[in-house]
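Coordinates in review
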Amino acid sequence: MIEQRLSAQRGLGDHGWLHSRHTFSFANYWDPKQTGFSDLLVINDDQVAPGRGFGAHPHSNMEIISYVLEGALEHKDSMGTGSVIVPGDVQLMSAGSGVTHSEFNHSKAENVHFLQIWIVPAERGTQPGYQQISVAEGDKRGQLRLIVSPEGDAGSLSIRQDIRIYAGLFDGAEQQTLALDADRYAYIHVARGSIEVNGVVFNAGDGARVRNETALQFANGKDAEVLVFDLRPLEVNHPQR
């Protein structure tokens, strides 16, 4: 079953310098029916004005992924790590027992557009950590490339949860089928463009909960960039964080 949720149904946060769409309940957007899916708690689709951003603020017991679509995002944290990440880069900060970080648009002229993704970890109070990889466009072209996994398989980032995240780029005749265990869940997020998944049309910002499917077929993409989350079969109403 593919339970689609259209882009316009997401929550909206517009602060002038920040325009954000919230897939799940976040900050001032609260919907008791949209409090995450399995261990996936947050997908925020953020656009930040030049030179603006989020000042130093704390996190704990959360796996936080930044995925840049356009522009450049500057990250600094209390562990002494950080960098400027651009399209193709994937960053994972394991907040663990506690960390403070900031995120700013590195450019003084152009917006930065990125996804911030929060995953509930399997353990609390662990040592904070920071990881980053760069994935070439060719590694995602016409296929789903593993970017996050529990064991860091195939050069992916290692996350403290039973979850696997794939990223793909599809256009024209490019197709890919992702096999799923029948007892697993999945979540689809189309970051931009459009694509068909098992015959269902998705446009930029659309997403879907997936249950009781053994395969997802991606086809007929039009400049599409898509993320797929392979999740534990867990029905949880997470508290707002």
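Preceding block: the structure.
Report follows, based on the coordinates. (Residues numbered from 1 in each chain as written. Predicted model: local features only at pLDDT ≥ 70, side-chain atom pairs only at ≥ 80, totals over all residues. Heavy atoms only, no water.)

1. Here we look at the sheet that holds strand β6 (residues 63–70)
Paired through their backbone hydrogen bonds, the strands of a sheet run either parallel or antiparallel. Convention followed: Strands qualify as paired when DSSP identifies two bridges or more between them. A helix here means a DSSP run of H or I that spans at least four residues, while a strand means a run of E at least two residues long, and both kinds are numbered starting from the N terminus. Think of each axis as a best-fit line through the C-alpha atoms, taken over the contacting stretch in the case of a helix, with angles from 0 to 180 degrees between the N-to-C directions.
Pairing in this open sheet of seven strands is antiparallel, and the strands run β2-β3-β4-β11-β6-β9-β12 from one edge to the other. For this open sheet the edge positions go to β2 (11–14) and β12 (129–134), each flanked by a neighbour on one side alone. Adjacent strand axes in the sheet meet at a mean angle of 15° when their direction is disregarded. Here strand β9 (residues 89–94) pairs with β12 via six bridges, running antiparallel. If you follow V90 over to β12, its bridge partner there is I133.

2. A look at the sheet that holds strand β10 (residues 99–105)
Taking strand neighbours across the sheet as the criterion, the four strands line up as β5-β10-β7-β8 in an open arrangement whose pairing is antiparallel. A strand with exactly one partner marks an edge of an open sheet, and here the two such strands are β5 (53–59) and β8 (82–85). Each neighbouring strand pair of the sheet contributes to a mean axis angle of 15°, computed without reference to strand direction. Here strand β7 (residues 73–77) runs beside β8; their pairing, made up of four bridges, is antiparallel. Following the sheet pairing, H75 is matched in β8 by S83.

3. What to know about the pattern of salt bridges
To keep it simple, the criterion reads: Every case where a carboxyl oxygen of Asp or Glu lies within 4 Å of a side-chain nitrogen of Lys or Arg is listed as a salt bridge. Buried means the residue's accessible area, taken with a 1.4 Å probe over protein chains only, is under 20% of the maximum for its type, while exposed means over 50%, and partly exposed covers the values in between.
Evaluation of the coordinates by the stated rule reveals twelve salt bridges. Ionic pairing is found between R192 and E225, a salt bridge with its closest N-O pair at 2.8 Å. Taken together, the residues span a long stretch of sequence, with R192 in strand β17 (residues 185–197) and E225 in strand β20 (residues 215–231) at a distance of 33 residues. Assessed through its relative accessible area of 30%, R192 is described here as partly exposed.

4. Details of the nonpolar core
Here is the rule we go by: Grouping buried Ala, Val, Leu, Ile, Met, Phe, Trp, Tyr and Cys residues that are joined through side-chain atoms within 4.5 Å yields what is termed a nonpolar core. What makes two residues a contact is simply this: any of their non-hydrogen atoms within 4.5 Å.
Membership of the largest hydrophobic core comes to 27 residues, with the highest contact counts inside it found for L40, I65, I117, I147 and F229. Taken together, the elements giving at least two residues each to this core come down to β4 (40–48), β6, β9, β11 (112–119), β13 (144–149), β15 (164–170), β17 and β20. Contact partners of I117, with chain neighbours within four places excluded, come to L40, V42, I43, E63, I64, I65, L227 and F229. If you look at the next biggest cluster of nonpolar residues, it comprises 19 residues, including L146, I188, L216 and V228.

5. Observations regarding unusual backbone geometry
Phi is positive for S38, close to 55°, though the residue is something other than glycine. Within the fold, S38 resides in the loop between β3 (18–22) and β4. Exposure remark for S38: the relative accessible area of 1% places this residue in the buried category. Positive phi, normally seen in glycine, also occurs at D223, with a value near 50°. Relative to the elements of secondary structure, D223 occurs in strand β20.

Bear in mind that shape data such as this cannot, by itself, settle questions of function.
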